[in-house]
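Notes for the structure review
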Amino acid sequence: MSTFLAPVRDKLLITVATQDPGVTPNSNGLPGLSALKQMAGALVTFGLVICVVGFVISAAAWALGSFKGNSHYAGNGKTGCLVAAGCAILIGSANTIVRWASGISIS
(Lines give C-alpha, C1' and ligand atoms only; values in the text may rest on other atoms or scores of the structure.)
Protein backbone atom coordinates (compact mmCIF):
# COMPACT_ATOMS: atom_id res chain seq x y z
CA MET A 1 0.00 0.00 0.00
CA SER A 2 1.31 3.42 -0.82
CA THR A 3 2.44 5.81 1.87
CA PHE A 4 -0.19 8.26 0.64
CA LEU A 5 -3.08 5.98 1.69
CA ALA A 6 -1.53 4.73 4.95
CA PRO A 7 -2.93 7.56 7.16
CA VAL A 8 -6.40 7.06 5.69
CA ARG A 9 -6.19 3.32 6.32
CA ASP A 10 -5.04 3.85 9.92
CA LYS A 11 -7.87 6.34 10.55
CA LEU A 12 -10.44 3.87 9.18
CA LEU A 13 -9.06 1.00 11.27
CA ILE A 14 -9.18 3.09 14.44
CA THR A 15 -12.72 4.26 13.70
CA VAL A 16 -13.98 0.74 12.96
CA ALA A 17 -12.23 -0.75 16.00
CA THR A 18 -13.78 1.75 18.42
CA GLN A 19 -17.38 1.32 17.27
CA ASP A 20 -19.45 -0.90 19.56
CA PRO A 21 -23.14 -1.35 18.76
CA GLY A 22 -23.79 -2.70 22.28
CA VAL A 23 -25.66 -5.80 21.12
CA THR A 24 -25.03 -8.93 23.16
CA PRO A 25 -26.65 -12.37 22.95
CA ASN A 26 -29.35 -13.04 25.51
CA SER A 27 -31.56 -15.99 26.31
CA ASN A 28 -34.79 -14.11 27.02
CA GLY A 29 -35.20 -12.06 23.83
CA LEU A 30 -37.78 -14.24 22.11
CA PRO A 31 -40.48 -16.57 23.35
CA GLY A 32 -39.96 -20.22 22.51
CA LEU A 33 -36.18 -20.12 22.65
CA SER A 34 -36.06 -23.18 24.90
CA ALA A 35 -38.19 -25.14 22.42
CA LEU A 36 -35.88 -24.06 19.61
CA LYS A 37 -32.85 -25.26 21.59
CA GLN A 38 -34.54 -28.62 22.14
CA MET A 39 -35.31 -28.90 18.42
CA ALA A 40 -31.69 -28.06 17.55
CA GLY A 41 -30.46 -30.73 19.98
CA ALA A 42 -32.84 -33.25 18.44
CA LEU A 43 -31.55 -32.37 14.96
CA VAL A 44 -27.98 -32.92 16.14
CA THR A 45 -28.94 -36.37 17.41
CA PHE A 46 -30.83 -37.14 14.20
CA GLY A 47 -27.85 -36.03 12.10
CA LEU A 48 -25.43 -38.19 14.09
CA VAL A 49 -27.69 -41.23 13.70
CA ILE A 50 -27.78 -40.64 9.94
CA CYS A 51 -23.96 -40.42 9.94
CA VAL A 52 -23.74 -43.78 11.69
CA VAL A 53 -26.12 -45.36 9.18
CA GLY A 54 -24.17 -43.85 6.28
CA PHE A 55 -20.90 -45.07 7.75
CA VAL A 56 -22.22 -48.63 8.16
CA ILE A 57 -23.61 -48.73 4.62
CA SER A 58 -20.36 -47.30 3.20
CA ALA A 59 -18.25 -49.78 5.16
CA ALA A 60 -20.40 -52.63 3.85
CA ALA A 61 -20.02 -51.35 0.27
CA TRP A 62 -16.27 -51.03 0.79
CA ALA A 63 -16.02 -54.59 2.15
CA LEU A 64 -18.22 -56.12 -0.55
CA GLY A 65 -16.44 -54.18 -3.29
CA SER A 66 -13.06 -55.33 -2.03
CA PHE A 67 -14.24 -58.91 -1.61
CA LYS A 68 -15.74 -59.08 -5.11
CA GLY A 69 -12.82 -57.25 -6.73
CA ASN A 70 -14.93 -54.25 -7.77
CA SER A 71 -12.68 -51.26 -7.21
CA HIS A 72 -15.43 -48.77 -8.08
CA TYR A 73 -17.67 -49.90 -5.20
CA ALA A 74 -14.70 -50.21 -2.87
CA GLY A 75 -13.59 -46.67 -3.70
CA ASN A 76 -17.08 -45.29 -3.22
CA GLY A 77 -17.30 -47.11 0.11
CA LYS A 78 -14.04 -45.54 1.27
CA THR A 79 -15.26 -42.12 0.22
CA GLY A 80 -18.57 -42.67 2.00
CA CYS A 81 -16.80 -43.67 5.21
CA LEU A 82 -14.68 -40.53 5.11
CA VAL A 83 -17.67 -38.31 4.36
CA ALA A 84 -19.77 -39.86 7.13
CA ALA A 85 -16.93 -39.52 9.65
CA GLY A 86 -16.27 -35.92 8.60
CA CYS A 87 -19.93 -35.01 8.86
CA ALA A 88 -20.15 -36.60 12.30
CA ILE A 89 -17.16 -34.54 13.42
CA LEU A 90 -18.73 -31.34 12.10
CA ILE A 91 -22.16 -32.07 13.55
CA GLY A 92 -20.75 -33.07 16.92
CA SER A 93 -18.59 -29.97 17.17
CA ALA A 94 -21.09 -27.51 15.65
CA ASN A 95 -21.85 -25.83 18.98
CA THR A 96 -18.15 -25.36 19.75
CA ILE A 97 -17.41 -24.06 16.26
CA VAL A 98 -20.23 -21.50 16.41
CA ARG A 99 -19.22 -20.42 19.93
CA TRP A 100 -15.61 -20.00 18.78
CA ALA A 101 -16.63 -18.09 15.65
CA SER A 102 -18.91 -15.73 17.55
CA GLY A 103 -16.34 -14.98 20.24
CA ILE A 104 -18.57 -15.96 23.15
CA SER A 105 -16.66 -17.33 26.09
CA ILE A 106 -18.03 -19.87 28.53
CA SER A 107 -18.13 -18.54 32.05
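Residues numbered from 1 in each chain as written. Predicted model: local features only at pLDDT ≥ 70, side-chain atom pairs only at ≥ 80, totals over all residues. Heavy atoms only, no water.

Comments concerning the confidence of the model for the protein chain
To keep things clear, this is the line we draw: Confidence of the predictor at the level of single residues is given by pLDDT, which spans 0 to 100. Strands are runs of DSSP state E lasting at least two residues, helices are runs of H or I lasting at least four, and both sets are numbered from the N terminus onward.
Per-residue pLDDT for the protein chain has a mean of 85; in total, 80% of the residues score no lower than 70. Between the elements of the protein chain, mean pLDDT differs from a low of 63, seen in helix H1 (residues 6-18), to a high of 96, seen in helix H3 (residues 71-92).

What about the side chain of Ser 58?
Stated formally: Each polar contact in these results corresponds to two N or O atoms within 3.5 Å; when the atoms are within protein, one needs to be able to donate a hydrogen and the other to accept it, and residues that are neighboring in sequence are counted only if both atoms are side-chain atoms. What makes two residues a contact is simply this: any of their non-hydrogen atoms within 4.5 Å.
Topologically, Ser 58 is positioned in helix H2 (residues 33-68). In terms of polar contacts, Ser 58 uses its side chain to reach the backbone carbonyl oxygen of Gly 54, at 2.9 Å. Those residues in contact with Ser 58, other than ones at most four positions away along the chain, are Gly 77, Gly 80 and Cys 81.

Side note on H3
At 3.6 residues per turn, the α-helix brings residues three or four places apart onto the same side. Threshold: Expected helix span is taken as 1.5 Å per residue step, with the number of steps being one fewer than the number of residues. Burial classification: accessible surface area is computed with a 1.4 Å probe over protein chains only, and a residue below 20% of its type maximum counts as buried, one above 50% as exposed, and the rest as partly exposed. Note: the arc covers the axis-to-C-beta directions of the helix.
End to end, H3 covers 31 Å across 22 residues, agreeing with the expected 32 Å (1.5 Å per residue, within 8%). Those residues of H3 that sit buried are Ala 74, Gly 77, Gly 80, Cys 81 and Ala 84. Along H3, the residues classed as buried sweep out an arc of 115° about the axis, all on the same side. Facing away from the buried side of H3, by more than 90 degrees, are the exposed residues Ser 71, His 72, Leu 82, Ile 89 and Leu 90. Its side-chain oxygen placed 3.2 Å from the backbone nitrogen of His 72, Asn 70 serves as the N-cap of H3.

Examining the packing of H2 against H3
How we decide: Inter-axis angles, ranging from 0 to 180 degrees, are taken between N-to-C directions of lines fitted to C-alpha atoms, where helices are fitted over the stretch in contact. Orientation is classified from the angle alone, with under 35 degrees giving roughly parallel, over 145 giving roughly antiparallel, 65 to 115 giving roughly perpendicular, and any other angle giving oblique. By definition, any crossing whose near helix is turned counterclockwise from its far helix by less than a right angle is left-handed, and any crossing with a clockwise turn is right-handed. Only Asp, Glu, Lys and Arg are considered charged in this grouping, and only Ala, Val, Leu, Ile, Met, Phe, Trp, Tyr, Cys and Pro are considered nonpolar; every other residue, Gly among them, is considered polar.
Contact geometry of H2 with H3 gives a least axis separation of 7 Å together with a crossing angle of 160°. One way to sum up the angle between H2 and H3 is to call them roughly antiparallel. By crossing handedness, the relation of H2 to H3 is classed as left-handed. Mapping the contact onto sequence places Val 44, Gly 47, Leu 48, Cys 51, Gly 54, Phe 55, Ser 58, Ala 59, Ala 61, Trp 62, Gly 65 and Ser 66 in H2 and Tyr 73, Ala 74, Gly 77, Lys 78, Gly 80, Cys 81, Ala 84, Ala 85, Cys 87, Ala 88, Ile 91 and Gly 92 in H3. For the contact of H2 with H3, a count of residues per class yields 15 nonpolar, eight polar and one charged.

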